[in-house]
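Architecture and fold: a report
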Protein chains: 4
Amino acid sequence: MMIMRIELHKIPQARPDDVAGLDQRIAEGKLDPSMIVAILGKTEGNGCVNDFTRGFATQTLKAYLGQHLGPEAGAEIVYIMSGGTEGVLSPHLNVFTRQPDAPEHSPRWGLVMGTGRTRDFTAAEVGSLTMVETVAAAVTAAIAKANLTPENVHFVQIKCPLVTAAKGAHQSSSYQSMAHSRGAAALGVALALGELPPSQMHPGVVGQALDLYSRTASTSAGGELQNCEILVLGNADHSTSDLVIGHDVMHHALDIAALHRAIASTHCPMEQVVSVFAKAEADPSGQLLGCRHTMLDDSDISHTRMARAVVGAALASVVQDPMIYVSGGSEHQGPPGGGPVAVIASSH
Amino acid sequence: MMIMRIELHKIPQARPDDVAGLDQRIAEGKLDPSMIVAILGKTEGNGCVNDFTRGFATQTLKAYLGQHLGPEAGAEIVYIMSGGTEGVLSPHLNVFTRQPDAPEHSPRWGLVMGTGRTRDFTAAEVGSLTMVETVAAAVTAAIAKANLTPENVHFVQIKCPLVTAAKGAHQSSSYQSMAHSRGAAALGVALALGELPPSQMHPGVVGQALDLYSRTASTSAGGELQNCEILVLGNADHSTSDLVIGHDVMHHALDIAALHRAIASTHCPMEQVVSVFAKAEADPSGQLLGCRHTMLDDSDISHTRMARAVVGAALASVVQDPMIYVSGGSEHQGPPGGGPVAVIASSH
Amino acid sequence: MMIMRIELHKIPQARPDDVAGLDQRIAEGKLDPSMIVAILGKTEGNGCVNDFTRGFATQTLKAYLGQHLGPEAGAEIVYIMSGGTEGVLSPHLNVFTRQPDAPEHSPRWGLVMGTGRTRDFTAAEVGSLTMVETVAAAVTAAIAKANLTPENVHFVQIKCPLVTAAKGAHQSSSYQSMAHSRGAAALGVALALGELPPSQMHPGVVGQALDLYSRTASTSAGGELQNCEILVLGNADHSTSDLVIGHDVMHHALDIAALHRAIASTHCPMEQVVSVFAKAEADPSGQLLGCRHTMLDDSDISHTRMARAVVGAALASVVQDPMIYVSGGSEHQGPPGGGPVAVIASSH
Amino acid sequence: MMIMRIELHKIPQARPDDVAGLDQRIAEGKLDPSMIVAILGKTEGNGCVNDFTRGFATQTLKAYLGQHLGPEAGAEIVYIMSGGTEGVLSPHLNVFTRQPDAPEHSPRWGLVMGTGRTRDFTAAEVGSLTMVETVAAAVTAAIAKANLTPENVHFVQIKCPLVTAAKGAHQSSSYQSMAHSRGAAALGVALALGELPPSQMHPGVVGQALDLYSRTASTSAGGELQNCEILVLGNADHSTSDLVIGHDVMHHALDIAALHRAIASTHCPMEQVVSVFAKAEADPSGQLLGCRHTMLDDSDISHTRMARAVVGAALASVVQDPMIYVSGGSEHQGPPGGGPVAVIASSH
């Protein structure tokens, strides 16, 4: 097996179509565009239905990298843009590269990754058991491709589709379709990782049985794609990366103890944290730590936007870094009101 | 039967707790507070779940009129505050008075009114068939009280409850509960007026069979009450009011022909229009006159707020008066995307 | 002088990056891409500072037309995207083509057009007298290029830059910079058309002396450019277009009489109206037709968004077509609270 | 000098007009309404111009306490309602009581308080140097009344007026008037406490010289009053309260080290923290910890709302209590982007 070294370049963006930072790293020889495997970004739209910053960033990156790599190679990369940088969250790209390593680097425990894609889903399939199973199969394939084992997977990021008013026949709310898409993709991850048994996956579970959840999935919906794009991150002993990943589960929006546990699980000190990846949602009970919150009853600001602001601020205050990845809507991703949190740290 | 004369005082408000205009009319002897039967107001909140301007205005009016009339008499009045004055809509109160008329005024065709109240509803009953039937009975009683016949009823305004996150056990959205509450109340009106037969009222119709609708109901939900408050307006030949009412149904948000027909039905010229009362909603098809609209996919502004702005502007541009009553959310009130429109005009 | 025929293709968009309608017309031979001079679009962002739908649409169109015409030719076209389709307004593109006409078509009174561009402006110049004068010179040049005379110009559309928090040193509000940019561009038009004398243009006039205005300018700010892009439309007797343009000035947001006058000035009946172009703003007095409006005090919805919804609904209700161009922020474009309205109609 | 004992009752509210929690404490004899000196509340409006939850809560409390104490006594209490409970912040009342203490309690170091009021300000005076000086005099008087010395004052909360579109002649933005009102009141506190010398107070300083600030002031604007209401909290050795107060200054929105220092300054452990009081604003530089934030460029959500969500989440995550007081708009209250943070803890 060829030894592949994973690197993560965290690059700020001034706008969704800003490639200046990426361009500079490439021009300076710090980043080889042909080694890019996946780009996971936070863009500054509303993160909900009519957020076009996701598609704008993706279109821009594809065109830019297409110039470097040719259109086909540029399109091979997995682009996962998550909208919504409410509060302190700072728009940025996480560019993952995978390159053959120098032979003198001996393999050791560290970050490895895999990617995958499902077929396109129809509007009717979004949020269905079919979607759950199709995602599970693709995640399993991505894990295998990375020579990972399910128990060492710490983060599975999926970009999934949504159904807008124009596409959906009888939908009451296009936001609801985002929730079901995210939920089905997350259950697919749980199935692939063995977090939940197939016996628990029956029609009607998506969006309803919210006590069934993955501790590892982070799913994000957008109108700019019809299929699912998958990014799997874990640790393996054949890595030569300087990076290592850990994760835990937040039980509520202010559960910063979970972040401390996730950092501890990387066996790296706080100062070596490179980035944090987390999910956020307004607690559906309307309460948090025994106190009423008003996010669900605010008809002027989407609760998803507020949830990202809250979790983003709480986690960023711990690591003192607002350039982290917090994505909204954690249906079947962690317990209701909570969500998975993953940490990538530099091992030296 | 005693002859009762209905008058309508349209009074601007500078804030939800502004009673200066009302106070001035009372002080000048133009309005006898003991004759107030109902106050139908537009307040400047978001008109959705967390709109407290409705309750604030009602509390203020009750306290003010309680000082004039005693707490019990002040509480007898029907207060219906509808939130949301988006766009050009101007916050105001429609104060309806009913007073014994001078004997020299001979009865003639004109405005009469009735009021009513239902019992409180539980959270589970909001939006149910029980609510439909309970409202129907109360509307029928209010019509009878006014010596009206159903075919001469032109406007039935109902204030109905909603379920907030704090009250509802498993609700995904408190806004949804507003829609179901409005819909059930509207179907109650349709039942009472014979617009729809009892045979069509079965569980599951509320919020689903939107082709079943009243042409006369205007219902508005708010968290400040648990029961329904009802105001019935129509014409009868025992009236001595200078006012007359007419109505029609808008088939879409820009259907100003319906307003012209409603005005025509009063047999009064445009210049004698006193006020307009209408319902508004974003067309659930996502289209209007064959063109896509974006109201349902905008995750930053509630479509109800936008629908009020649209219908308010279209109707106000016809009568060149922004101080009209346009209320959002027209489930089972007119066809999908449309809604009833009523006109009160002065007959001389 | 070569006879050039102007055509206008009004094409709906399903998303900011939707070129399917344009592509279909080109594929069917109905529209020759090499003849496109300008594209004036309404996109579905918030129309304010962080509206990236304008840039996304422009980037998409440039890439698409670049494939047809080569990158240079694609970039030559004037792209003016105006964000904000609040209420009933329907996202669409107005594609203007100019082509050599068949010799058998004899010239007659009808639509002609010119385009232009200024140099880039620095952040400090945005909203300055320098910007006013630079725009005026470019508008004058565009008028000359079109063989138009100022008195026959009916619509001058300008896309102008804005200053974001990232770019501006001491700005209290990036929205304010949009207003000053639009205002300066509009005064440039007024200067070029002789609507206002140079003597009235002194530092401090922009954004302050709002009684100084153009009756013809429509300016729209966006973060996606640093210069001004100019589109001039008018009538001349050397046209062979089937189209003719007229305009008037709305004195308030519900001034539909102005639209009727603008239609009348085209000498075409209502049924032959092809499109309407108008500016909108919330009346800065806080009043409309003597009634208080709440748009300026609503801290949850930008007054510009509401103003577009209002004027869009009022104008669309007259022509019964929601696919019209209404752009927000009419500083120095028409009197405070009003704005220019132009109509393009088909002369047969 | 009579020994007075300060108590703080933290009472959740289910709505702005909810007095059930207060009523229960009074009914159970735990809180003597005649001893209430001040009520400092967080209500669930947008905290900006059209937030009527502040006035609604105040009106409700005055009416409720007026029934207990008589209208005059009820009106004597200082009511300071701060709007905006974005994110996890939970609506609640901080009810401060001051009562003669039992003679066996010997005085010791602990919480004391003073209150005050200024005269009404005209619209022109809001944000002026006159306002600064008038506030300073009233704060000085309140400090004296409490037998406090300026150096032992830890928190001065002021409710100040704003100017709405209806009241202001030529204002471009009513939100701006909130900022200037808050800033002038804060500079008044700085003057009274000797944090800034009178020589630095000249016309033009308000809203401009933001490096001049109080480390102690917390000011909040609202349309429901024309004067300033003042609440001063500090420690003195003549207290018999179980409570003690400390404070520090946050230098940015994620500066939780300041909260830890403020807690330490009370000499009480974390578990004995009763409540936290802080100010929040979006960093006017557009950056936080070297990263771009998007709060100032988001035209759909007021940056003040987002800033409260951020600071609320960061501070609440430390004390694991979302029922804290975070108020938006910290002009001249702490350095730009930061703000004072005060902690009240129980000394045993």
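Described below are features of the structure shown in this document.

Calculation notes
- Residues numbered from 1 in each chain as written.
- Chains lettered and ligands numbered in written order.
- Predicted model: local features only at pLDDT ≥ 70, side-chain atom pairs only at ≥ 80, totals over all residues.
- Heavy atoms only, no water.
- Least-squares fit on C-alpha atoms with pLDDT ≥ 70 in both.
- Contact = heavy atoms within 4.5 Å.
- Helix = DSSP H or I, 4+ residues; strand = E, 2+ residues; numbered from the N terminus.
- Polar contact = N/O pair within 3.5 Å; in protein donor to acceptor, adjacent residues only side chain to side chain.
- Buried < 20%, exposed > 50% of the residue type's maximum accessible area, 1.4 Å probe, protein only.
- Salt bridge = Lys/Arg side-chain N within 4 Å of Asp/Glu carboxyl O.
- Nonpolar A, V, L, I, M, F, W, Y, C, P; charged D, E, K, R; others polar.
- Pairing = 2+ DSSP bridges.
- Axes fitted to C-alpha atoms, helices over the stretch in contact; angles between N-to-C directions.
- Buried area = accessible area lost by both parts, 1.4 Å probe.

1. What about the relation of the copies chain A and chain D?
At an RMSD of 0.0 Å, chain A and chain D line up after a rotation of 180° and a shift of 0.0 Å along the axis. Here the symmetry operator amounts to a two-fold rotation axis. Relative to the rotation axis, the C-alpha of A:Ala314 is the closest in chain A, positioned 2.3 Å from it. The overlap is high: 100% of the interface residues of chain A also sit at the interface in chain D, so the same surface is used on both sides.

2. Here's the deal with the environment of A:Asp248
Residues and elements named next belong to chain A. Looking at the secondary structure, you find Asp248 in strand 9 (residues 243-250). Considered as a pair, Asp248 and Gly334 are 86 residues apart in the sequence and their alpha carbons are 9.4 Å apart. With residues near it in sequence (within four places) discarded, Asp248 still touches Arg215, Ala258, Arg261, Ala262, Pro340 and Val341. Of note is the side chain of Asp248, whose polar atom sits 3.2 Å from the side chain of Arg261.

3. Let's talk about the environment of D:Met270
All names here are of chain D. Residue position: Met270 is located in the loop between helix 6 (256-265) and strand 10 (273-280). Looking at Met270, the relative accessible area reads 28%, which means it is partly exposed. Through-space distance from the C-alpha of Met270 to that of Gln157 is 23 Å; in sequence the pair is 113 residues apart. Contact partners of Met270, with chain neighbours within four places excluded, come to His260, Ile263, Val318 and Val319.

4. A look at the relation of the copies chain C and chain B
Superposition record for chain C on chain B: RMSD 0.0 Å, screw rotation 180°, translation along axis 0.0 Å. The overlap is high: 100% of the interface residues of chain C also sit at the interface in chain B, so the same surface is used on both sides.

5. So, the interface of chain C and chain B
In this assembly, 36 residues from chain C lie in contact with 36 residues from chain B. At the junction of chain C and chain B, the tally comes to four salt bridges. Notably, a salt bridge pairs B:Glu44 with C:Arg292, separated by 2.6 Å at the nearest N-O pair. There are 14 residue pairs in polar contact (both at pLDDT 80 or more) connecting chain C and chain B. For the side of chain C that touches chain B, the secondary structure elements donating two or more residues are strand 12 (291-292) and helix 7 (303-319) of chain C. Here the side of chain C that touches chain B is composed, by residue class, of 19 nonpolar, nine polar and eight charged.

6. Observations regarding the sheet that holds strand 10 of chain D
All names here are of chain D. Reading across from one edge, 9-14-10-13 is the order of the four strands in this open sheet, with mixed pairing throughout. Looking at which strands have only one partner, the edges of the open sheet turn out to be strand 9 (243-250) and strand 13 (325-328). Looking at each pair of strands side by side, their axes are set apart by 15° on average, direction ignored. Here strand 9 runs beside strand 14 (residues 339-346); their pairing, made up of eight bridges, is antiparallel.

7. Structural notes on the interface of chain A and chain D
Counting residues at the interface gives 36 residues for chain A and 36 residues for chain D. Counting each side, the surface lost to burial between chain A and chain D is near 2,800 Å², with a carbon and sulfur contribution of 62%. Joining chain A to chain D, the criterion identifies four salt bridges. Counting across the chain A and chain D interface gives 14 residue pairs in polar contact (both at pLDDT 80 or more). Secondary structure elements with two or more residues in the side of chain A that touches chain D: strand 12 (291-292) and helix 7 (303-319) of chain A. Counting residues per element, the side of chain A that touches chain D draws most heavily on helix 7 of chain A, at eight residues. In terms of residue class, the side of chain A that touches chain D is made up of 19 nonpolar, nine polar and eight charged.

8. Thoughts on unusual backbone geometry
Negative phi characterises most residues that are not glycine, and trans characterises most peptide bonds. Residue and element names in this part refer to chain A. A positive phi angle, close to 50°, is found at Leu289, a residue other than glycine. Turning to its location among the elements, Leu289 is positioned in the loop between strand 11 (287-288) and strand 12. Of note in this structure, His332 is not a glycine but carries a positive phi near 60°. Note on placement: His332 falls in the loop between strand 13 (325-328) and strand 14 (339-346).

9. What about the pairing of strand 7 (residues 217-222) of chain A?
All names here are of chain A. Burial runs high along strand 7: six of the six residues are buried. Of the two faces of strand 7, the one lined by Ala217, Thr219 and Ala221 and the one lined by Ser218, Ser220 and Gly222 are each fully buried. Here strand 6 (residues 153-161) pairs with strand 7 via six bridges, running parallel. Across the sheet, residue Val156 finds its bridge partner in strand 7, namely Ala217.

In short, shape yes, function no, at least from these values alone.
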